[in-house]
Amino acid sequence: MAQQYEQLNLTERTERGGSSARLLRKNGIIPANYYYKGVENINLSVNKIELLKSLRSGHRIFKVDLKGDTQYVMVKDIQYHPVTDDIIHIDLMRIRRDEKMTISVPLVLEGDAPGVQEGGVMMQNLTSIEINCLPADVPEQVVVDISDLEMHASLNVEDLEVSDELEILTSSDLSVVSCQPPKEEIEEEIEEEEVELAEGEEPEESEEAPESKEDKSEES
């Protein structure tokens, strides 16, 4: 299902500088910048509570009203405070609904893997993939069906099923998820192989062969 666009309310700010930004943050407002190719950057601000709500919604693209014009933006970058992890600045990049865009989309596992039911361990190697598509076709997530995943099996990017509107840019041979035996079983298998190899080895010959009965008789 194509992602719905959530409204994000932005306010243009005229004052710039560190002291102005600190004052905004103190009052629950996050400084923001708006970028678009060929257009001068615009300094904006957004309510912190509203921003957090929008980010937690899982949406990747937001509808905004800017200078009396409805536009669509995506989050380009978020800066966090190094100690508190609070958001201190956000960059927004304008996108056009008639132009394809590259975006990272999360992968979500779905189903019950037979390998796990047999005692295997599920290992998800990729949590997202990059796709190219029109903004209207951006999915909230890509579902990975693991209902047929057996023990010692894996699914690669090339095994993902997506709509024809999406072009996957992530390398097709990368592993998305696999099901492997528990670590203890793997170690036991390795130990068994070493034991079998040791039992099949020929005993090493001594560097000095023992004296034969004939040699002893000659000495006497």
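All values reported here derive from a predicted model rather than from experimental measurement.

Caption draft 1: Examining a negative patch on the surface more closely. Among the surface-exposed residues, Glu110, Glu118, Asp145, Asp148, Glu150 and Glu161 lie close enough to one another that they form a single negatively charged patch. Here Glu161 shows up in the loop between strand E12 (154-156) and strand E13 (167-168). By relative accessible area, Glu161 is classed as exposed at 73%.

Caption draft 2: Spatial organisation of helix H2 (residues 48-56). Capping the start of H2, Asn47 holds a side-chain oxygen 3.0 Å from the backbone nitrogen of Ile49, two or three residues further along. Where H2 terminates, the next one or two residues include Gly58, which has phi positive at roughly 90°.

Caption draft 3: Quick peek at the environment of Asp112. As for its position among the elements, Asp112 is in the loop between strand E8 (101-110) and helix H3 (114-117). Residue classification places Asp112 among the exposed residues on the basis of a relative accessible area of 57%. The sequence separation of Asp112 and Asp145 amounts to 33 residues, and the corresponding C-alpha distance is 8.7 Å. The residues touching Asp112, leaving out its near neighbours within four places in the chain, are Gln117, Ile146 and Ser147.

Caption draft 4: Local environment of the packing of aromatic side chains. Here the structure, examined in full by the defined rule, presents 0 aromatic pairs. It is Lys76 that lies over the ring of Tyr35; its NZ or CZ is 5.0 Å from the centre. Note that Arg94 overlies the ring of Tyr36, its terminal NZ or CZ placed 4.9 Å from the centroid.

Caption draft 5: Fine view of unusual backbone geometry. Despite not being glycine, Asp85 has its phi angle at roughly 65°, a positive value. Note on placement: Asp85 falls in the loop between strand E6 (69-80) and strand E7 (87-95). Judged by its relative accessible area of 54%, Asp85 is exposed. Positive phi, normally seen in glycine, also occurs at His152, with a value near 70°. Structurally, His152 can be placed in the loop between strand E11 (142-145) and E12.

Caption draft 6: Molecular detail of the pattern of salt bridges. Throughout the structure, instances matching the rule amount to 2 salt bridges. For Lys67, the salt bridge goes to Glu12, with nearest N and O atoms at 3.3 Å. One end of the pair, Lys67, is in the loop between strand E5 (61-66) and E6; the other, Glu12, is in strand E2 (residues 11-12), and 55 residues separate them in sequence. Overall, the relative accessible area of 44% leaves Glu12 in the partly exposed class. Between Arg96 and Asp98 there is a salt bridge whose closest N-O contact spans 3.7 Å. Judged by its relative accessible area of 32%, Arg96 falls in the partly exposed class.

Caption draft 7: Molecular detail of the sheet that holds E12. The sheet built from 3 strands is open, its strands ordered E9-E14-E12 with antiparallel pairing. Where the open sheet ends on each side, the last strands, each with one partner, are strand E9 (121-124) and E12. Taking each pair of neighbouring strands and ignoring which way they run, the sheet shows an average axis angle of 10°. Both E9 and strand E14 (residues 175-180) contribute to a ladder of 4 bridges, which runs antiparallel. Across the sheet, the residue bridging to Met123 is Ser178, located in E14.

Caption draft 8: Geometry of the sheet that holds E13. The 4 strands lie next to each other as E11-E8-E10-E13, forming an open sheet whose pairing is mixed. Either end of the sheet is taken by a strand with one partner, and the two such strands are E11 and E13. Direction of pairing for E8 relative to E11: parallel, over a ladder of 4 bridges. Bridge pairing links Leu109 to Val144 in E11.

Calculation rules
Residues numbered from 1 in each chain as written. Predicted model: local features only at pLDDT ≥ 70, side-chain atom pairs only at ≥ 80, totals over all residues. Heavy atoms only, no water. Patch = residues over 30% accessible without salt bridge, like charges linked within 9 Å, V, L, I, M, F, W, Y side chains within 5 Å. Areas by Shrake-Rupley, 256 points an atom, 1.4 Å probe, with all protein chains shown as cover. Salt bridge = Lys/Arg side-chain N within 4 Å of Asp/Glu carboxyl O. Lys, Arg positive; Asp, Glu negative; His and termini not counted. Charge placed at Lys NZ, Arg CZ, Asp CG, Glu CD. Helix = DSSP H or I, 4+ residues; strand = E, 2+ residues; numbered from the N terminus. Buried < 20%, exposed > 50% of the residue type's maximum accessible area, 1.4 Å probe, protein only. Polar contact = N/O pair within 3.5 Å; in protein donor to acceptor, adjacent residues only side chain to side chain. Contact = heavy atoms within 4.5 Å. Phe/Tyr/Trp six-rings, centres within 6.5 Å; stacked < 30°, edge-to-face > 60°. Lys NZ or Arg CZ within 6 Å of the ring centre and 35° of its normal. Pairing = 2+ DSSP bridges. Axes fitted to C-alpha atoms, helices over the stretch in contact; angles between N-to-C directions.

Interpretation in functional terms is not warranted from these geometric data alone.
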